[in-house]
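Residue-level listing of the chains:
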Amino acid sequence: MLVTGVGDTDGYHLYVAREKDAFGWSTLATLSSSSIAVGPWTGEVCVTGSGRYAVAVFAPKQAANKPELARRGALAAVVDVTTGAAKHVATGVELSYFNPACGPGNRALLTRSLGDDFTQNTELLTVDAAAGRVTATRRITGQLTTPAPAPDGDYGILGGHLVRVDDRGRATRLARPQGQPFAVQATAAGGVDLVSVRGEQAVAQRYRGGTLSVTATGPWDKLQLFGQRDGGTVLVGQAQLRGTAPDLTVLPADRQVRAVSGQGHLIAEELLTQQSASSVGEPLRRADPAEAGGLRVTVRATASGRHFTHAIDTALAPALDVELGAGTAASPTHPSAAGSRAALANATTPTCAIPRNDPRVQPLQPSPDMVEWAVDQAVHDRLTITRPANYLKAGLPAYQPQVLFDLESLVGGGRVPAQVMLAILAQETNLNQASWHVVPGDTGNPLIASYYGNEGNLDVIDYSKTDCGYGIGQVTDGMRVGSSVFTDTQRRAIAVDYAANIAAGLNILIQKWNQMARELPQHQSFMNNNDPTWVENWFLAAWAYNSGYYPYANRNASNGRWGVGWFNNPANPRYRANRAPFLRLTMADAETPNHWAYPERIMGWAETPQLKGFPIMSSAYAEPQYGANSPRTGPQGMRQVLSIPDRYAFCSTVNNCSQATNGCPAESELCWWHGVANSGNCLLEECAREKLTFGAGAAEPGVKRIYPRNCETFTGNNGGNRNPNKRVSVVYSLNDTGQYNLGCDVGPSDGKFTIRRGSPAGGASTAPYADVDLHQIGAGYKGHLWYTYVNAGNAKRRIVGSWTPNLDLIPGERHRYDILAHVPATARTTTPPRT
């Protein structure tokens, strides 16, 4: 039996291929939370040594972009492999490649990373998979990675050492592995296997009886370790055995794989969802909910060596929808119900400057070429298209994006390569300006990061913790109430107009570059030759764009350290040491973005030829212009790629980091980086420049709608029984129909529409929580609709809509009316009941 998982907008799906069914594939379970409705999901899964339970950690893919969510923003569940029944066991756990960890029996471990780039500790949660619950939580001082439950205790890697963790969370050093470990697995017979990267070699070792001995070696990127049913282990890859070890087998493979069956008879080499194939191939396009459920899996039978590729449509299976709030165990990320009451004091006054659910703030979701056009213009300071007054009915004066946001200059001159900005936007939002619920050509709520400060829990509002990142570039600075960074006009334009947002976001990236350029000694290079012309030289600026830059001027408050933090350092053991550059080998890398540091993902999006269309591919936006001596890869070295920094390029005495200690053992402010790094000689044409698709003066492309606009007007004449002496009374979802912004001819509303929130309806204490789950989209009849999710068990999230028509009745008159409701298919996930 083989169990694996992959996510899309429907949730994180677990799939099973049973040997007794000739390894036919079926959907085991779907895990999600309608409390966290923020797009495609991702996750990790392991199977217990008994083979009876799967343990899964799952979260929205966007969590990989937020250090605080990657550390402790995921959910965990146990799934019965026989029935597919799933049970939520933990909230606020780590989204990392080694979480969860299964052992030889039915015990599993979960990790939660506490702290930040200043200090870091680890919580280790013990899960009894058979009982479906967490039985113990221990706090470990330092950054524990690759945990492994064993019959005689729990193991892991801490400060470069293999350690055993006791019942109180105290770690005892046992041995120092050769290289940086990326896999640890215990056996039923009392051994602990691990695999490390040492230079160009992978080294497999076994700890037993107080001794750590080498069991096999192989290429650094072609050796993996998996647990097997009944407590054995298997090495997959190109292994050269160095002796024998009980319960350890070897399966040959020429590439990294995703999963191995419990008896080692089937290998899943690659899993790729239809949505990812489209969004990776065409990253300027949102994940289409209509494509959810499609999966392509490539497998190999180990006995025959034959490969098979299956196209799977996710079938109905047991589903787990984790409803956060009442009854949810407290965690650093998702407080309990009691915590939500405590947060009520911070639930009355929003701190983000531009509100949600405001009909005057409905950005247009752009289509792919519109975004590339805007970036190509912006990096050359010619994004000067004139937006007319009241653009998108937002009440704005006429403006030009790069007049409203003057392009800032780079210290030392030069400009941002277009591919760098495109890569950042693709990674941040998949190039959405509006909410992910909105398709290109429609309008809707602006895309806002953590508007309510709840990090996904709809029963918590804490405006003191809001992020306020708006739109396609996730512009955050200056977007809070009271900030003087932007004017009100600038803030509204950032929220509404993708072009204005790109102009503002580009300046933020430039500011990160300039911070580092000004603070380093005049003649010191912080990346290669410090010339912004080259794509690779933006690695550190992308790092700072995501997790911030600690100024030199504030070093005394940071123990004398400054620069960029440890979280996004490629040397950090929270990223697999045997990873290839992001997207270089396979599009399926996008299924697990948390396996790479943020700047590595940016370089991957810039490097990988972006394609559109499936299965027939064509270019979606330009790849860089590679130098004559840029590295080459692939068969016969046909493909040119970026000169991406080595894993230890940002590891030296500057940040207390070394390969000998497998990183920075302190996991504190001592790990900040502010030194010199090199990945290629740009002066010798080993680096890449930008390549533009849209030149100077190119007109803004027209939006390519997913759904054609329909401005037909309902007349009621089709019924045949209408009284021509009575008019048709249409009550719209906006009382001010002048706010309909898709261009249809909309007359006045012949009545009144009212939304009452919470329970009791309109109750002041519950209404704010219901508003969290309310959304608007510029689609449907004449171009506007409201929608929410069905939450019958949570009265605080209740939404009641009332349409009150004006009827042509005189006092005492009666008349029979037909009442028709327009229920659009857009955004619908629940079939309405028959009436």
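Computed from a prediction, not measured in an experiment: that's the story for all the values here. (Residues numbered from 1 in each chain as written. Predicted model: local features only at pLDDT ≥ 70, side-chain atom pairs only at ≥ 80, totals over all residues. Heavy atoms only, no water.)

Caption draft 1: Expanded view of the sheet that holds strand E26 (residues 294-301). Within the open sheet, the four strands sit side by side as E24-E25-E26-E27. Their pairing is antiparallel. Each edge of the open sheet is held by one strand with a lone partner, namely strand E24 (259-260) and strand E27 (307-313). (Pairing = 2+ DSSP bridges. Helix = DSSP H or I, 4+ residues; strand = E, 2+ residues; numbered from the N terminus.)

Caption draft 2: The arrangement of the environment of Asn65 in detail. Counting through the fold element by element, Asn65 comes out in the loop between strand E5 (53-60) and helix H1 (67-72). For Asn65 and Asn546, which are 481 residues apart along the polypeptide, the C-alpha to C-alpha distance reads 7.2 Å. Here Arg601 takes part through its side chain, which lies 3.1 Å from a polar atom of the side chain of Asn65. (Polar contact = N/O pair within 3.5 Å; in protein donor to acceptor, adjacent residues only side chain to side chain.)

Caption draft 3: Representation of the state of the cysteines in the model. Scanning all chains against the criterion turns up six disulfides. The partner cysteine of Cys46 in its disulfide is Cys102, sulfur to sulfur 2.0 Å. Residues Cys46 and Cys102 are joined by a disulfide whose S-S torsion is about 70 degrees; by sign, that bridge is right-handed. Taken as a pair, Cys46 in strand E4 (residues 41-47) and Cys102 in strand E8 (residues 101-102) lie far apart in primary sequence, 56 residues in all. Each of the two residues, Cys46 as well as Cys102, counts as buried. Cysteine pairing for the protein chain, with bonded cysteines counted in sequence order: 1-2, 3-4, 5-6, 7-8, 9-10, 11-12. (Disulfide = S-S within 2.5 Å. Buried < 20%, exposed > 50% of the residue type's maximum accessible area, 1.4 Å probe, protein only.)

Caption draft 4: Examining helix H7 (residues 488-496) more closely. Within H7, seven of the nine residues are buried, leaving the element largely enclosed by the surrounding structure. Taken together, the buried positions of H7 are Gln490, Arg491, Arg492, Ala493, Ile494, Ala495 and Val496. Buried positions along H7 lie against helix H5 (401-404), strand E31 (469-470) and helix H8 (498-519). (Contact = heavy atoms within 4.5 Å.)

Caption draft 5: Representation of the packing of H7 against H8. Contact pair H7 / H8: the axes reach a minimum separation of 6 Å and the direction vectors enclose 110 degrees. The pairing of H7 with H8 is recorded here as roughly perpendicular in orientation. Here H7 and H8 pass one another in a crossing that is left-handed. Residues Ala493, Ile494 and Val496 of H7 lie in contact with H8, whose contacting residues are Tyr498, Ala500, Asn501 and Ala504. For the contact of H7 with H8, a count of residues per class yields six nonpolar, one polar and no charged. (Axes fitted to C-alpha atoms, helices over the stretch in contact; angles between N-to-C directions. Parallel < 35°, antiparallel > 145°, perpendicular 65-115°, else oblique. Left-handed = near helix turned anticlockwise from the far one by under 90°. Nonpolar A, V, L, I, M, F, W, Y, C, P; charged D, E, K, R; others polar.)

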